[in-house]
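# Coordinate analysis (summary)
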Amino acid sequence: MQDTVSGLLLCGKTIGFVPTMGALHEGHLSLVKRARQENDKTVVSIFVNPLQFGPDEDFPRYPRDVEGDTEKLAKEAADILFIPDAPLMYPEGFLTRIEVGKISDKLCGFFRPGHFIGVATVVAKLFHIVKPTRSYFGQKDFQQAVIIGKMVRDLNMDIDVVICPTIREKDGLAMSSRNAYLTQAERKVSGVLYRSLKETADLLTSGIINSIHLKEMMHEKILQEPAVSSIDYAGFYDPETLKELSMIQGDVLLAVAAKIGNTRLIDNILVTMRKER
Ligand code: PAF
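Let me sum up the structure you'll find in this document. (Residues numbered from 1 in each chain as written. Predicted model: local features only at pLDDT ≥ 70, side-chain atom pairs only at ≥ 80, totals over all residues. Heavy atoms only, no water.)

### Describing the site of the ligand
Lining the immediate surroundings of the ligand are Pro19, Thr20, Met21, Asn49, Gln52, Val122, Val123 and Gln144. One nitrogen or oxygen atom from the side chain of glutamine 52 is found 2.6 Å from an oxygen atom belonging to the ligand. Within the contact set of the ligand, an oxygen atom lies 2.7 Å away from a side-chain nitrogen or oxygen of glutamine 144. Burial of the ligand by the surrounding chains reaches 90%, relative to a free accessible area of 280 Å². (Near = heavy atom within 4 Å. Polar contact = N/O pair within 3.5 Å; in protein donor to acceptor, adjacent residues only side chain to side chain. Areas by Shrake-Rupley, 256 points an atom, 1.4 Å probe, with all protein chains shown as cover.)

Below you can see the structure in the form of structure tokens.
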């Protein structure tokens, strides 16, 4: 991989990179399309990164379909598919960790301790191997994209981090490889997460900005659905610091993480509040 990209860079080619954990869906493919439009060559990686899963999380059963993924990427005309294995990425004696302080222990980081250290470490390694000009991430994993953007700036990595819109199913459910865990009955009701975000965003933009009241309404709406077993968080956050907002103004991240049955799903919407004249 490193020899291949060195050759491309010597010829002055730009490289668009889409890091993934596989089980590719339309969300991933939209990133590949964008990378193809904006770069000479497109590289996609598939690596289910053990470092970003907690001991009781779904690493062993995370969906894997390299054959299906390869076909999908061929259809999208991605140029290079990089599938490293764990001993190659983390040989014996591997000690380094990348931690993007403060923003990594908010939101999902609070509920999944160490998760974003695993993400930042593997993405930093992949960036060093692939040497992309631009790298593409979905807005669904907003916190991940913010953390990677910060890592890139803090470590002077010469890479543009491009955040692309969340791709949704017809009922609004954000596409995710983990949606495959949902039973039919759970899948039917899982649009409730996006609906509650959208309704709250609409209330915000119509001028209702009482964050305590809106947050309560959002929680109630989600929990009305009996298949929702718990909410990790649902509320309003600063899109840069990821701190919870009590005053709603400027750019606002509406974000939710909840369990439908045993499946933990996340989603978010960004809202820009109009300035009062
Ligand atoms: O979003 C993902 O699929 C993963 O977190 C990533 C960025 C490929 C790192 O393993």
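### Some thoughts on the sheet that holds strand β6 (residues 228-237)
As summarised here, the arrangement of the three strands in space is β6-β7-β8, forming an open sheet in which the pairing is antiparallel. On the outer flanks of this sheet lie β6 and β8 (263-272), each paired with one strand and no other. The average angle at which neighbouring strand axes cross in this sheet is 10°, direction not considered. Here helix α9 (residues 192-205) sits on the sheet in contact with β6, β7 (251-260) and β8, set at roughly 20° to β8. (Pairing = 2+ DSSP bridges. Helix = DSSP H or I, 4+ residues; strand = E, 2+ residues; numbered from the N terminus. Axes fitted to C-alpha atoms, helices over the stretch in contact; angles between N-to-C directions. Contact = heavy atoms within 4.5 Å.)

### A short note on unusual backbone geometry
Within the chain, alanine 77 stands out as a residue other than glycine whose phi angle is a positive 60°. Structurally, the position occupied by alanine 77 is in the loop between α3 (66-75) and β3 (80-82). Note on alanine 77: relative accessible area 34%, which makes it partly exposed. Even without glycine at this site, lysine 102 takes up a positive phi of about 60°. Residue position: lysine 102 is located in the loop between α4 (86-89) and α5 (107-111). With relative accessibility at 68%, the residue lysine 102 sits in the exposed group. (Buried < 20%, exposed > 50% of the residue type's maximum accessible area, 1.4 Å probe, protein only.)

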